[in-house]
Every structure is written in C-alpha cells, then in structure tokens.
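So you can see what is in the structure, the chains are spelled out below.
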Amino acid sequence: MCGIVGYVGPRKAKNVLLDGLKRLEYRGYDSYGMAIGSDGLKVFKDEGEISKLESSIPTWDGHIGIGHTRWATCGRPSANNAHPFLDCTGRIALVHNGIIENHLALRRSLEAEGHVFTSDTDTEVLVHLMERHYRGDPHAALIDTLSEVKGTYAVAALVEGDDRIVAARKENPLVIGLGVGEQMIASDVTAIINYTNKVIYLMDGDSAIISSKGVKIYDRSGNEVRREPSIVTWTLEDAEKGGFEHYMLKEIYEQPVAIHNALLGSLDEIYAGAIMPDIDLSSVKLVACGTSYHAAMVGKYIIESMAQVPTTVEFASEYRYSPGTGENPFTVLVTQSGETADTLAAAREARRRGCRTLSITNVVGSSIARETDDVFYTNAGPEIGVAATKTYTTQLMAMYLLGLRLGTMRQTLDRSEVRRLSTELRTMPRYVSSVLDRASEIE
Ligand code: GLU
C-alpha cells in the first residue's frame, strides 16, 4: 500500500502535493518523493517520514506534479527505491501503488534494450516501458505500457513540457478531485478534500487524462466514458478513516485486498521453487511474540497437515534464552513489524545454532528480513489500529503458502492437491468479502 497524489492548476504544485502526502502517510511512510513540472522536470525523493523531512524539499514554482509516499513491497526502503521514477531520458516521471508481478522478465528485456535501472523496485519497469512506447502521447504510452504488465496498480505519470497527468488503476484505488481551473488525483479523498469535495472515483480498469481544463476518462476497452462525480460530505477526520468509524474497522474491511496482495507473486514463486530450494526438513520451529505467536500456533497445524513434518511453536522471549537441544530445525520467525526485539534476538540465536531461517514479516527491508536466510512478505500495508486485523490474516496466508511449499518439497502433496489448494487460496479474498458483506446481519 502506498499513497499517490497529483495536481495540475494555478497553485504551486509542491504545496498541494506536500499537504496530500502528509494525509496519505497512513498508507505508507518509509520514503516519499515528488516530481514537479517546473522549467523541466524536477524530482526530489528521500527515505523517511515526510513530516520530518519536508523542510529539505526544494522550493519549486511548477504548477503540475505527482507525489508518492511509499510502503515498500519490492526493494527495501531507501532514497533510490522511493518514487517517482524517471525514464532514461529524464523526461517521464511515474508513481505507482501496487505490485507488478512480471517485473523481473520485463526488466531483463528492457535492460537488453539498453535501459538503465536505478532502483530495485518492481515499479521502475513501468517508466522504462513508457519510454519505450512514448511517441508524443503520454496516455497512449501508458496504455501500451499497462498492456504488457501483470499485477495491480494505481499509477500516475507526467511528461516534461506536457500539461497533463495521465493515470490508470487496477485493483488499487484512485480518485480524481474536480476543482475550478484545477484538478487533482489521489489514492484517497483525504489527500484532496481541503481543495475540493467534488470527486470521481475511477472504476477498475479505467484510465484518465487530467489537465487544468478538465478530465477525460476511458474504460478498460479504451472507450471514452462519463463517470458521475460524487460530492463528499465527510469531514477531514472522517475521510482519514475512509468513512469508517475508526481505523480498526477500516483495516478489517481492507482484508480482502490485503490477502490478495499477500498471495500475489508468492504462489508463482512456490510453483517455481524459487524460495528455500534446499532445506533440511526433519522438523520445523516457529518463533514469535504476541499476535504473531497466535498466527504461528495456527501455522503449526497447517504445516503438520500439509507437509507432515513435526512442528513446534516457541515464544521468542523464551527461545532466545533456552539452551536448545542440539538439533537445528528449520526456524521460522514471525513478526509484523520486522523489528520485534525478542524475535530479532531469536533470529540471531537460531543462526548461531546453525539453523536455516525464514522470516514472515509485513515490512520490506526490516531488520528481520535482513537477518534471515529467506523472507515471506505479507504485503498487508501499514496497520494503524492497535489490535492486529489484516496483518494477522495475512500471516495466516503466509502459513498456508509455507505449508504448500513444504508439502511440495516433501511430496506429501501431489500436483493436483497443490493446484486445488492454490485455487482455494486465490478464492480467499472473495470468501472474506462475502463474510464482510454480512456484517450487519452478524452484528
Ligand atoms: N511495489 C511498489 C514498491 O515497492 C509499490 C508499493 C505499494 O504500493 O505497496 O515500491
């Protein structure tokens, strides 16, 4: 989950973007950046929270720009991996929320054509693809780009000297704010509600061309369509919670998307055997604290039934002080933040004992990801509510993925069983939605 904002109109774009990005920090805050059309295309990006670093952003006068606040899913948080990305000519800038599943193959083909990458993200392929397709029409270049992509996106791009922002969405939100002589685009109305309450929610598969004079919207088949504007009646405080009474409820409703993102890519990697190709599987130990410990307790049954391997669960705080038995089981460390002190200490202890380690975490580039041999990311996005909701259910998904992987390796699951279970997992977001749809009945 990341936050996107764009502006075109008479105001200084930098101020509108800054304002919007601060309001989108709940969607991601490991790094941020903006591109402004101001006497050429200017880009500023950095690692860290925007509210702490805003004074370092240069003052630019441009009146068109796109901005991004990131929650990494591919490539650790760093200034280089922050969005926006530029193409090789420095004339196209792009921000993205989502996951590009076929980015490795695309990257290889773009590099073979001579494109030079500056980051480890999946997103950067998009801007080089736009460069490949650009013939003076940014919207056409974006559509051609997206036709080559497998995955999910909300994306906005800007070409130097052009006074339009082009954007598109698939399975990630994007809303257009309609002003007088100015327009905005954002992941969420929160970012723009200070400027307008008249908005158009783009439908899945839509793309748009946004200029100060107006907005053109196209459906997934490329036909220009009319989408009725809505008037937002929420206060800013309500809007920050997406219209829900509190963050926890909002995050409960984000579970279908979070689960979808947790499964994205990983199922394919499991088929390809790309993770953990060579581990000793005589036993498994799951180590965690708090809610993650509860996910691990469920994980024990999943792994034992799918892979038929003896599995134990231990509190990280006990494990780090325990003497060990001299055996070195495959050890799985579970921590949402990737920074839980006891779990990190347990990871170090496990490695000291010579165990092969895997972490399950929600934060790309976190300490646990760096200190274990392999990592599964849960991709749930930031969780503001104190009680774990979507981060817990995505940990359960990671346990199923692990069970599938281990079951495949130990040949306790045959191909047809793996296929059946994978199909069930892919259906999980729909099952969760159907439960949430019955909320009032359940209440
Ligand atoms: N995949 C992109 C990245 O890691 C966007 C992340 C997201 O939207 O969550 O930079």
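Computed from a predicted structure; not experimentally measured. (Residues numbered from 1 in each chain as written. Predicted model: local features only at pLDDT ≥ 70, side-chain atom pairs only at ≥ 80, totals over all residues. Heavy atoms only, no water.)

Draft legend 1. Fine view of the packing of aromatic side chains. Counted under the stated rule, the structure contains 5 aromatic pairs. With 5.4 Å between their ring centres and 75° between their planes, Tyr29 and Trp71 make a pair best called edge-to-face. In this pair, Tyr29 sits in the loop between α1 (13-23) and β2 (31-37) while Trp71 sits in the loop between β4 (64-70) and β5 (85-86), placing the two residues 42 residues apart along the sequence. We classify Tyr29 as partly exposed; its relative accessible area is 35%. For Trp71, a relative accessible area of 8% corresponds to the buried category. Ring centres 3.8 Å apart and planes at 10° place the aromatic pair Tyr293 and Phe315 in the stacked group. Here the residue Tyr293 occupies a position in helix α10 (residues 290-307), and Phe315 occupies one in strand β17 (residues 311-315), the gap between them amounting to 22 residues. Taking the ring centre of Tyr301 as reference, the NZ or CZ of Lys300 above it sits at 5.9 Å. (Phe/Tyr/Trp six-rings, centres within 6.5 Å; stacked < 30°, edge-to-face > 60°. Helix = DSSP H or I, 4+ residues; strand = E, 2+ residues; numbered from the N terminus. Buried < 20%, exposed > 50% of the residue type's maximum accessible area, 1.4 Å probe, protein only. Lys NZ or Arg CZ within 6 Å of the ring centre and 35° of its normal.)

Draft legend 2. Region of interest: helix α15 (residues 415-436). Between its first and last C-alpha, α15 extends 32 Å over 22 residues, near the 32 Å set by a 1.5 Å rise per residue. At Met428, α15 is deflected by roughly 40°, the largest bend along its length, and proline Pro429 occurs up to four residues later in sequence. Every buried residue belonging to α15 is among Val418, Leu421, Ser422, Leu425, Thr427, Pro429, Val432 and Leu436, and all of these are buried. (Expected span 1.5 Å × (residues − 1). Bend = angle between axes of the 7 residues up to and from the residue.)

Draft legend 3. Layout of the sheet that holds strand β13 (residues 214-218). Strands sit in the order β5-β6-β7-β8-β12-β13-β14 across an open sheet of 7 strands; the sheet is antiparallel. The open sheet is flanked by β5 and β14 (224-225), the only strands paired with a single partner. Both strand β8 (residues 165-170) and strand β12 (residues 207-211) contribute to a ladder of 4 bridges, which runs antiparallel. Residue pairing for β12: Ala167 is matched across the bridge by Ala208. Packing of helix α5 (residues 138-147) onto the sheet brings it into contact with β7 (151-159), β8, β12 and β13, and relative to β8 it is tilted by some 25°. (Pairing = 2+ DSSP bridges. Contact = heavy atoms within 4.5 Å. Axes fitted to C-alpha atoms, helices over the stretch in contact; angles between N-to-C directions.)

Draft legend 4. View of the pairing of strand β3 (residues 41-47). As paired strands, β2 and β3 are joined by 7 bridges and run antiparallel to one another. Across the sheet, the residue bridging to Ser31 is Glu47, located in β3. Between the antiparallel neighbours β2 and β3 lie 3 residues, among them Asp39 with a positive phi of about 55°.

Draft legend 5. Unusual backbone geometry, seen in detail. Cis rather than trans, the peptide bond between His83 and Pro84 has omega equal to 0°. Structurally, the position occupied by Pro84 is in the loop between β4 and β5. In this model, Glu171 sits at a positive phi of 60°, which is unusual for a non-glycine residue. Tracing the sequence through the fold places Glu171 in the loop between β8 and β9 (175-178).

Draft legend 6. Structural context of the side chain of Gln183. Following the sequence through the fold, Gln183 ends up in strand β10 (residues 183-186). For Gln183, the side chain forms a polar contact with the main-chain nitrogen of Gly179, separated by 3.5 Å. A polar side-chain atom of Gln183 sits 3.0 Å from the main-chain carbonyl oxygen of Ser212. With residues up to four places along the chain from it excluded, the contact list for Gln183 reads Gly6, Tyr7, Val8, Gly177, Leu178, Ile210, Ser211, Ser212, Lys213, Gly214 and Val215. (Polar contact = N/O pair within 3.5 Å; in protein donor to acceptor, adjacent residues only side chain to side chain.)

Draft legend 7. Quick look at the site of the ligand. Taken together, 13 residues lie near the ligand, and Met1, Arg70, Thr73, Asn97 and Gly98 sit nearest. At a separation of 3.1 Å, an oxygen atom of the ligand approaches a polar backbone atom of Cys74. For the ligand, an oxygen atom lies 2.7 Å from a polar atom in the side chain of Asn97. In isolation the ligand has 300 Å² of accessible area, and contact with the protein removes 99% of it. Of all the elements, strand β6 (residues 92-100) adds the most residues to the shell around the ligand, at 3 residues. For the shell around the ligand, the class distribution of residues is 5 nonpolar, 6 polar and 2 charged. (Near = heavy atom within 4 Å. Areas by Shrake-Rupley, 256 points an atom, 1.4 Å probe, with all protein chains shown as cover. Nonpolar A, V, L, I, M, F, W, Y, C, P; charged D, E, K, R; others polar.)

Draft legend 8. View of α5. Taken residue by residue, α5 has Pro138, His139, Ala141, Leu142, Thr145 and Leu146 as its buried positions. Down the axis of α5, the smallest arc covering the buried residues is 160°, so these residues share one side. Where α5 is buried, its residues meet α4 (124-133), β7, β8, β12 and β13. (Arc of directions from axis to C-beta.)

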